[in-house]
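Given next are the chains, with one letter for each unit.
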Amino acid sequence: MAVFKGKTVLVLGGSRGIGAAIVKRFVSDGAAVTFTYAGSREAAEQLALETGSTAVLTDSSDRDAVIARVRDSGPLDVLVVNAGIVIFGDALELDPDAVDRLFQINIHAPYHAAVEAARQMPEGGRIIVIGSVNGDRMPVPGMASYAVSKSALQGLARGLARDFGPRGITVNVVQPGPTDTDTNPADGPMKDMMHSFMAIKRHGRPEEVAGMIAWLAGPEAGFVTGALHTIDGAFGA
Ligand code: NDP
């Protein structure tokens, strides 16, 4: 399929997991794809080589670097902000600097990237941020900072959809449930607990999430904006 032939796509955080599946999907649908990485240089270079995409080092905890990367990659037809981290632990014990870094990567970077992308984005542009079903539901202790960050993306989509809607640019959040990646492996120690909440008792596949993103970025989704798109096997239902 060449749905995205001639389109320019930037994926923030594309070296591994869901981000790598997003990169592969857009490349196979004909887009020119650039993606960022921070720690996984080898995986990023390998993915770029395999797919013909472009890997660039940009740490999402560095606001000005993110803004510069988005600006220099534009005009973008599609921006996907996938980079995200999670920290676990007693809220009373967590290092506040670690919590602030999570907020920088998971909240500040998506906001500033989305705004910067919109400066040059043509009509019909798409901004998609990767949230989490934990933005809606947090059934376990120790992950409040992550839940805060993913709920914040809901406000980002609702607000920026209003700002950019008049230009035909859509802004949406995709909210995965448990998805098989390095961060949340399908055979990890938490799998039975997570599956107990779900109607479909398995981890999602990164490719399934990428499929939803491709639809949102495509021509059929021009009227879909300011919305949350949950793909979670009914984890949050
Ligand atoms: P992984 O840990 O497998 O991959 C994370 C990706 O984000 C990597 O490509 C990583 O790049 C990149 N990244 C992390 N920190 C930075 C940074 N500071 N700067 C640039 N890139 C960065 O995560 P997943 O694929 O599991 O998750 C992807 C997204 O999906 C996240 O936003 C996550 O919160 C969300 N999500 C995941 C779920 C799951 O169950 N897997 C469930 C719900 C939401 P590098 O290694 O090069 O630093």
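These figures come from a predicted structure and were not determined experimentally.

Moving on: the site of the ligand. Close to the ligand lie 31 residues, the nearest being Ser40, Asn82, Tyr146, Thr181 and Thr183. Aspartate 59 places a polar side-chain atom, nitrogen or oxygen, 2.9 Å from a nitrogen atom of the ligand. Taking threonine 179, its main chain carries an N or O atom lying 2.8 Å from an oxygen atom of the ligand. For the ligand, whose unbound accessible area comes to 890 Å², protein coverage reaches 94%. Grouping the amino acids of the shell around the ligand by side-chain chemistry returns 10 nonpolar, 17 polar and four charged.

Here we take up the pairing of strand β5 (residues 126-130). Most of β5 sits out of view: five of its five residues are buried. Pairing between strand β4 (residues 78-81) and β5: four bridges, direction parallel. Bridge pairing in β5 links leucine 79 to isoleucine 127. Each parallel crossover has a hand, and for β4 linked through helix α4 (residues 96-120) to β5 it is right-handed. Of the pairings in the sheet, the one linking β5 to strand β6 (residues 170-176) comprises five bridges and is parallel in character. Bridge pairing in β6 places isoleucine 127 opposite valine 171.

Below, the discussion takes up the pairing of strand β3 (residues 54-57). Sheet analysis places strand β2 (residues 32-37) next to β3, joined by four bridges and oriented parallel. Bridge assignment links threonine 36 to a residue of β3, and that residue is valine 56. Between the parallel pair β2 and β3, the chain is carried across by helix α2 (residues 41-51), and the sense of this crossover is right-handed.

The next subject is the side chain of arginine 126. Looking at the element boundaries, arginine 126 is found in strand β5. At a separation of 3.0 Å, a polar atom in the side chain of arginine 126 contacts the main-chain carbonyl oxygen of glycine 124. Separated by 2.9 Å, the side chain of arginine 126 and the backbone oxygen of leucine 216 make a polar contact.

What the rule picks out here adds up to nine salt bridges. Its salt-bridge partner being aspartate 72, residue arginine 71 comes within 3.2 Å of it at the nearest N-O pair. Relative accessible area serves as the criterion here: at 42%, arginine 71 is assigned to the partly exposed category. As a salt-bridge pair, lysine 191 and aspartate 192 come within 3.5 Å of each other at their nearest N and O atoms. Residue classification places lysine 191 among the partly exposed positions, given a relative accessible area of 28%. Within the structure, one salt-bridge network assembled from shared partners comprises Arg202, Arg205 and Glu208.

With that settled, the discussion passes to the UniProt feature "domain: Ketoreductase" (unreviewed entry) in the chain. The UniProt feature table records "domain: Ketoreductase" (unreviewed entry) at residues 7-209. In residues 7-209, helix accounts for 44% and strand for 15%; the two terminal C-alpha atoms are 20 Å from one another.

An α-helix turns once every 3.6 residues. As a result, residues three or four positions apart point the same way. An ideal rise of 1.5 Å per residue puts 16 Å on 12 residues; helix α1 (residues 17-28) measures up with 17 Å between its terminal C-alpha atoms. Inspection of α1 places Ile18, Gly19, Ala20, Ala21, Ile22, Val23 and Phe26 among the buried residues, and these make up the whole buried set. One or two residues past the end of α1 sits glycine 30, with phi positive at roughly 100°.

Turning our attention to empty space enclosed by the protein. One pass over the full model with this rule turns up one cavity of 30 Å³ or more. Lining the largest cavity are Val81, Ala83, Ile105, Asn106, Pro110, Val129, Ile130, Lys150 and Leu153. Among the elements of the structure, α4, β5 and α5 (144-164) are those that each provide at least two residues to the lining of the largest cavity. Element by element, the count of residues in the lining of the largest cavity is highest for α4, at three residues. When its residues are assigned to classes, the lining of the largest cavity shows seven nonpolar, one polar and one charged.

What follows is about the layout of surface pockets. Taken as a whole, the second largest pocket encloses approximately 150 Å³ of empty space. The wall of the second largest pocket is formed by 13 residues, among which Lys7, Gly124, Arg126, Ala217 and Gly218 lie closest to the centre.

Quick notes on the rules
- Residues numbered from 1 in each chain as written.
- Predicted model: local features only at pLDDT ≥ 70, side-chain atom pairs only at ≥ 80, totals over all residues.
- Heavy atoms only, no water.
- Near = heavy atom within 4 Å.
- Polar contact = N/O pair within 3.5 Å; in protein donor to acceptor, adjacent residues only side chain to side chain.
- Areas by Shrake-Rupley, 256 points an atom, 1.4 Å probe, with all protein chains shown as cover.
- Nonpolar A, V, L, I, M, F, W, Y, C, P; charged D, E, K, R; others polar.
- Buried < 20%, exposed > 50% of the residue type's maximum accessible area, 1.4 Å probe, protein only.
- Helix = DSSP H or I, 4+ residues; strand = E, 2+ residues; numbered from the N terminus.
- Pairing = 2+ DSSP bridges.
- Right-handed = clockwise from strand over helix to strand, strands pointing away.
- Salt bridge = Lys/Arg side-chain N within 4 Å of Asp/Glu carboxyl O.
- UniProt positions renumbered as here; feature names shortened; annotations may be inferred.
- Expected span 1.5 Å × (residues − 1).
- 1 Å grid on protein atoms, 1.4 Å probe; cavity = no way out; pocket = protein on both sides within 12 Å on 5 of 7 lines; lining within 4 Å.
- Points joined across faces, edges and corners; volume = space filled by probe spheres on them.

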